[in-house]
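Listed here are the chains, written in short residue letters.
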Amino acid sequence: MRAGWKEKAILLGPTVAWLVAFSVFPLLYTLDLAFRQWSIFTRENPPWVGFENFRNLLFDGRFWSSLKTTLLYVGSSVTAEVILGVGLALLLWQPVRGSRIFRAIVVVPMLLSPVVAGYLFRMLFHETAGPLNHLLAMAGLGRVNWLSDPSWALAAAILVDVWQWTPFVGILALAALESLPAEPLEAARVDGAGNWHLFRHVILPAIAHVVWVAAILRMVDGLRVFDVIFVLTHGGPGVSTEVASLYTYLVGFKSFNLSYAAAMSYGLVLIALGLVRFLARGAGVTQHK
Amino acid sequence: MRFKVKATLACLSLLLALFGATVQAAQQYKGVTLRVAALSGSLSHAWHTHAQEWAKAHGARVEVIELPLTSMYERVMTDLITGGNQYDIIQYPSFWKGDIMGGGFAYPLDEFIKQDDPGWNDYLPVYRDRLSKWGDRIYGLQIDGDVWMFGYRNDLLSHPDEKKAFKAKYGYELGVPQTWQQFLDVAEFFNRKKGEKLAGKTLANDFYGSELILKRGGGMGSVWTFLTIFGSYLKTPHVYDGGIYFDPNTMEPLINTPAGVQALEVMKKAADRRRSGPGGLDVDWSTFGVDFSAGKTMMGIAWPDLGPFSLDPKRSNIIGDAGFAVVPGAEKVWNVAAKQWETVEKPHRAAPLAWGWTLVINAKARQPRAAYDLIKYMVTGERAKAYAISPDDGLDPFRKSLFSDQDVLKAYKTIPTFIPALQESLTVGVPDLMIPRAVAYYDALEIAIDEALRGKKSPQQALSEAAQRWKRITDEAGREKQRANYRFALGLPAK
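So, a few notes on the structure that sits alongside this text.

Before going further, it helps to spend a moment on the overall build of chain B. Of regular secondary structure, chain B possesses 20 helices and 17 strands. Taking 495 residues into account, the globule formula puts the C-alpha radius of gyration at 23 Å, and chain B, at 25 Å, falls close to it. Judged by the C-alpha coordinates and their principal axes, chain B covers about 95 × 55 × 35 Å. Residue burial in chain B is summarised as follows: out of 495 residues, 59% are buried. For chain B, the computed accessible surface area is about 19400 Å², with 54% contributed by carbon and sulfur atoms.

Set out below in structure tokens:
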């Protein structure tokens, strides 16, 4: 029996209403705000200014600098997570005793809130009282100003991200490995393929599409990074770790220039969409190979 | 007999009346809950102690909402602007005044003060007249008397061996630095490595010649170091009214004048490892406060809390050895009007009234009278005295009477320079920028300072870019409005 329109409305109505109220409306409202100049302090009706906010964005050096920092952050962390994640998956794929326990331990970083992870590493990276510098000093390598040297601060933030999210890529890669049929692997071994050859020409192509999807998911998440940076460095030293989302937050909530922050947010959405589309094409190509 | 009966009845009536009044006072705010927004950490200490005493005595409840420094401004302002009204009382630093008082978010206190005096005339004029009012109306009660001072190791400065060696090297007597050049000389002289001698003893660790607060971010950083030095190099008619930020006629920023460039040059030299500790550009208030009282550093400029810190047996290794003075000054000043440098007869100084916590009542507070009663309690009597003495509250003297109070004088007996230095510093006090969006202006300045000190940009380039950013903020906020607000803050007539 086919459902009539009344039944459909009743079943779908609440979901659609929720989506409209909490997804569609905020998106449209923010888009409208991006074309206005809203001064919260005067509480007047915000006047329409057209593309002025977007034009200002094009010439805002600090925005482009923060975007560059974000892309560097994302590029470095995702690359490291993919390489280490696949390596981790290969290790966990081995039939050793206790591998189930290792798998459970390995996902613990993922379970931590990013704020906690950020604070944890802030303690670890402390220049004078942190254990990391203490170990480096013991090894005769000298202290590193992890969070106060612009050359190191972004690397420190990337390290936190890699520590926390490599298991995510690893788990997905492991699932792909465990779903591989055994016959191609056995056939390759019989043909005399060594471990590296097996990995390079049999395993990697088979799991590539899963790893690619994991990379895309990490990239989307990385583009939105805020909490780790906020806790770890607050964008400093200087603006060396100021990522785009943090700058947007400062514009919106320190300067209370919500219109400009809205324009910035949409600028970031467009950039992120472009990147995802580009990478998703790569995933499509990988799958069809 | 009849007299005795009458007398007894009269006494009983009086006792009953007194008892009733006491019970009534105890229940005066029964059922009232007041929510206070305060900075987390030591600055909430007074609320967790004294405010709870008040609450217990009045049958009320005081909830203290501790907010972290990095997000306090956003959270308070978002709440006020959106009408959330989560806070009945807000403890905020003076440079938010333009946003809070100027934004109409504070409850006027004039009538309350007339009915129930919080010792209004006992307030130091600079706090009473500059920080507590917006125009002719009173909106705040000061709970903290902040003014930057110069702290140093008096024992080292007066050591005969050190004096002799200093004179031999620099050609003048070692003493409390009066100018920024002398500050740099003394910093260089006392910067010693582990194993070297200091005041006749061999150092077990490095000793820092100075430690300036230079860190960007966190809110209590480099801006006030810059303003101290910059203000000393600047000559305008309104320096001590807070006229160091803009030209009050044109709203042209003053930070990128040669005075600003000179200030950054001094800061760069002070941050050099030959004159300071390893923290360099990562030194914030907490680092310097700890290092100073631990005896790791010779001197620096910061809040008066250095005094009680240096006497606190829990944290200080220099009890009785600290000295205090007004901040060093400049030997020449940039005359903004004449656009030229001028030498001065005596060092020109500027001590920022940096932060200076004020209490306001939310304009939409449900129980403003109760809130006033609480904030009045917090700023009067033994509480005010306690703040002046205790190292735990993060609050400093804000009343005239405290400078002659025997308990306060006794508390600082071993560092006799402290109270006179505090009083002298107030005479060269420079208020914070107190117009709307001050936080945004300071943020732009902080970035410029950091970029210049790290060598990413020259001081002139960094400050010029900050000035451009300031102009943009001014335009976004409304140039004429900001000009009116700024002139208002300086006590100038609107043109």
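Picking up after the structure, the text goes on.
As a further point, take the overall build of chain A. Counting its secondary structure elements, chain A contains 13 helices and zero strands. For chain A, the sequential pattern of α-helices and β-strands runs α-α-α-α-α-α-α-α-α-α-α-α-α. Against the compact-globule benchmark of 19 Å for 289 residues, chain A has a radius of gyration of 24 Å, which places it well outside the compact range. Its C-alpha atoms give chain A principal-axis dimensions of about 75 × 75 × 30 Å. Considering chain A as a whole, with its 289 residues, one finds that 42% of them fall into the buried category. Restricting the contact set of chain A to residue pairs at least 6 apart, pairs at least 24 apart contribute 65%.

So, on to the interface of chain A and chain B. With 26 residues of chain A at the interface, the matching set in chain B holds 24 residues. The contact between chain A and chain B buries some 2300 Å² in all, and 51% of this surface belongs to carbon and sulfur atoms. If you look at where chain A meets chain B, you find two salt bridges. Close ionic contact of Arg62 of chain A with Asp443 of chain B constitutes a salt bridge, the shortest N to O distance being 3.4 Å. Our count for the contact surface shared by chain A and chain B stands at nine residue pairs in polar contact (both at pLDDT 80 or more). When the residues that make up the side of chain A that touches chain B are grouped by side-chain class, the tally is 10 nonpolar, nine polar and seven charged.

Going through the model one piece at a time under the given rule, you end up with 56 aromatic pairs over all chains. Taken together through their ring pairs, the aromatic side chains of Phe226, Phe230, Tyr249, Phe253 and Phe256 of chain A together with Tyr73, Tyr92 and Trp96 of chain B make up a single cluster. Sitting above the plane of the Tyr260 of chain A ring, Arg472 of chain B keeps its charged end 5.0 Å from the centroid.

On to empty space enclosed by the protein, then. Enumeration over the complete set of coordinates arrives at four cavities of 30 Å³ or more. Around the second largest cavity, the lining residues are Arg62, Tyr247, Leu250, Val251, Lys254 and Ser255 of chain A together with Ala440, Asp443, Ala444 and Arg469 of chain B. Secondary structure elements with two or more residues in the lining of the second largest cavity: α12 (244-253) of chain A together with α18 (438-453) of chain B. Split by residue class, the lining of the second largest cavity holds five nonpolar, one polar and four charged.

What counts, and where the lines are drawn
- Residues numbered from 1 in each chain as written.
- Chains lettered and ligands numbered in written order.
- Predicted model: local features only at pLDDT ≥ 70, side-chain atom pairs only at ≥ 80, totals over all residues.
- Heavy atoms only, no water.
- Helix = DSSP H or I, 4+ residues; strand = E, 2+ residues; numbered from the N terminus.
- Rg over C-alpha atoms; globule rule 2.2 N^0.38 Å.
- Buried < 20%, exposed > 50% of the residue type's maximum accessible area, 1.4 Å probe, protein only.
- Areas by Shrake-Rupley, 256 points an atom, 1.4 Å probe, with all protein chains shown as cover.
- Contact = heavy atoms within 4.5 Å.
- Buried area = accessible area lost by both parts, 1.4 Å probe.
- Salt bridge = Lys/Arg side-chain N within 4 Å of Asp/Glu carboxyl O.
- Polar contact = N/O pair within 3.5 Å; in protein donor to acceptor, adjacent residues only side chain to side chain.
- Nonpolar A, V, L, I, M, F, W, Y, C, P; charged D, E, K, R; others polar.
- Phe/Tyr/Trp six-rings, centres within 6.5 Å; stacked < 30°, edge-to-face > 60°.
- Lys NZ or Arg CZ within 6 Å of the ring centre and 35° of its normal.
- 1 Å grid on protein atoms, 1.4 Å probe; cavity = no way out; pocket = protein on both sides within 12 Å on 5 of 7 lines; lining within 4 Å.
- Points joined across faces, edges and corners; volume = space filled by probe spheres on them.

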